Amino acid sequence: MNTRPVIETSSNPVALSASFNQDASCFAVGLDTGFCIFNSEPCQLRVSRDFNAGIGAVQMLGKANFIALIGGGKQPKFPQNKVIIWDDAKQKVAIQLPVLTTVRSVRLSRTHIAIVLQNSVRVYKFQSPPELWAVFETADNPLGLCCLTVKTLAFPGRTPGQVQLVELSTGNVSIIPAHGSSLRAIDISRDGDILATASETGTLVRVFATSNCAKIAELRRGVDHATIYSLAIAPSGQLLAVTSDKSTLHIFDIPHPTKPPRSAAVNGSPRLTSTGGGGGSPVVSDADPSQKWGILGRIPLLPRVFSDIYSFASAHFEIGDEPLYGSSTPLNSEATFRPPKGIIGWTSDHSLVVIGAGRDGRWEKFVIAEGEDGRRYCVRDGWKRYLGVT
């Protein structure tokens, strides 16, 4: 009989979660030993805090010293039904916000704190002590979907597939019937004017104007089912990036309700002279995304898949073969979980970063560049394993 003890596979830290700050200039990583903060471009370590205990989620407030933390991992630093506002300048807890159930996620602005639970969102005024401003009921929200800007809060509605849009200045609530199935991902543009949504089906992404809740675009990722990992709207509000479990990053043009249409001919994209430093090669659709199927898209009575708008460029990103880890995070109450992957942050209108958590935490940079043929390409421009960055 073999009585030898099991050998630990690795003593390296495991990234339980990863998230960008509001302008994607930094990203924060929750570890089974504490948390780290990195510059997005280039990928450089800014802050490392070792608690000798797990942090399941980290949310930054720009580059301010206040950071929201939720316990996680095999040995959580904090209870998972409590949000901690950490003052990193003083390296101590500034605010504690206990709730009755497990926290799924938290979002920060300079005026509000939004705590997302399985079936509700609790909104506090960011002050000391915090003041409960409102509580909103939602459909099941195990992913903790929520977007918070200076003027708007968005999260799932009471019915699966709906989005509740809250105007923070007045408290007015609008309901957007975005999809027929449960939401998988949402994002709001930095100016708060555009909302993008995807459902569990993963084939269509819908774009809405927040001013009147009108649908302004419907985009097709593909025809087969996929799990959407992340949606992100570019700083200008005229480009949208999508990642999925197909290991593909898609880039779409989207209309902006208050800006003139983006012209591919004068978009200011850098010229593409090589395939980039990361060794990736672009995958390109037709120059006109609405004409992916050519003349078939103009034949009446054919299925809508032929006339839908597709991405103008796409590229491969690395998911890796991560094992299931025997711990929980605020975003997953099961005994085991797969680390989140494909999280998108736009550092400019021509550059974006894709990060993933797990033992093999990766940082990948992509650029949107114009080729000699006049088409726009998405090309990987570099990558590294950020857990080894010092």
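Quick caveat, the model's predicted, so the values are computed rather than measured.

Caption draft 1: Seen up close, the overall build of the protein. When its secondary structure is counted, the protein shows 0 helices and 29 strands. Excluding contacts between residues fewer than 6 apart, the proportion of contacts in the protein whose partners are at least 24 apart in sequence is 44%. About 17,300 Å² of surface is accessible on the protein, with carbon and sulfur atoms providing 51% of the total.

Caption draft 2: Inspection of the sheet that holds strand β5 (residues 55-60) at higher detail. As summarised here, the arrangement of the 4 strands in space is β5-β6-β7-β8, forming an open sheet in which the pairing is antiparallel. Each of the sheet's edge strands pairs with one partner strand only, and the pair in question is β5 and β8 (92-98). Adjacent strand axes in the sheet meet at a mean angle of 25 degrees when their direction is disregarded. Pairing geometry for strand β7 (residues 82-87) and β8, over 6 bridges, is antiparallel. The residue of β8 that forms the bridge with valine 83 is leucine 97.

Caption draft 3: Quick look at the packing of aromatic side chains. Per the counting criterion, the structure on display carries 10 aromatic pairs. With a centroid separation of 5.0 Å and 15 degrees between ring planes, the pair formed by phenylalanine 27 and phenylalanine 38 is classed as stacked. With phenylalanine 27 in strand β2 (residues 26-31) and phenylalanine 38 in strand β3 (residues 34-39), the pair connects residues that are 11 residues apart, well separated along the chain. In terms of burial, phenylalanine 27 and phenylalanine 38 fall into one category: buried. Look at phenylalanine 136 and phenylalanine 155: their rings are 5.3 Å apart centre to centre, the planes differ by 45 degrees, and that puts the pair in the tilted class. Here phenylalanine 136 is found in strand β12 (residues 131-137), whereas its partner phenylalanine 155 is found in strand β14 (residues 152-156), with 19 residues between them in sequence. Relative accessible area serves as the criterion here: at 12%, phenylalanine 136 is assigned to the buried category.

Caption draft 4: Representation of the nonpolar core. Judged by nonpolar contacts, the single largest core of 18 residues is most densely connected at Leu249, Ile251, Ile344, Trp346, Leu352, Phe366 and Cys378. Listed by contribution, the elements that provide at least two residues to this core are β22 (239-244), β23 (248-253), β25 (313-316), β26 (343-348), β27 (351-355) and β28 (362-370). Leaving out residues up to four positions away in the same chain, leucine 352 has contacts with Ala241, Leu249, Ile251, Ile344, Gly345, Trp346, Thr347, Glu364, Lys365, Phe366 and Ile368. Of all hydrophobic cores here, the second largest spans 17 residues; its members include Val106, Leu108, Ile115 and Phe126.

Rules and cut-offs
- Residues numbered from 1 in each chain as written.
- Predicted model: local features only at pLDDT ≥ 70, side-chain atom pairs only at ≥ 80, totals over all residues.
- Heavy atoms only, no water.
- Helix = DSSP H or I, 4+ residues; strand = E, 2+ residues; numbered from the N terminus.
- Contact = heavy atoms within 4.5 Å.
- Areas by Shrake-Rupley, 256 points an atom, 1.4 Å probe, with all protein chains shown as cover.
- Pairing = 2+ DSSP bridges.
- Axes fitted to C-alpha atoms, helices over the stretch in contact; angles between N-to-C directions.
- Phe/Tyr/Trp six-rings, centres within 6.5 Å; stacked < 30°, edge-to-face > 60°.
- Buried < 20%, exposed > 50% of the residue type's maximum accessible area, 1.4 Å probe, protein only.
- Core = buried A, V, L, I, M, F, W, Y, C linked by side-chain atoms within 4.5 Å.

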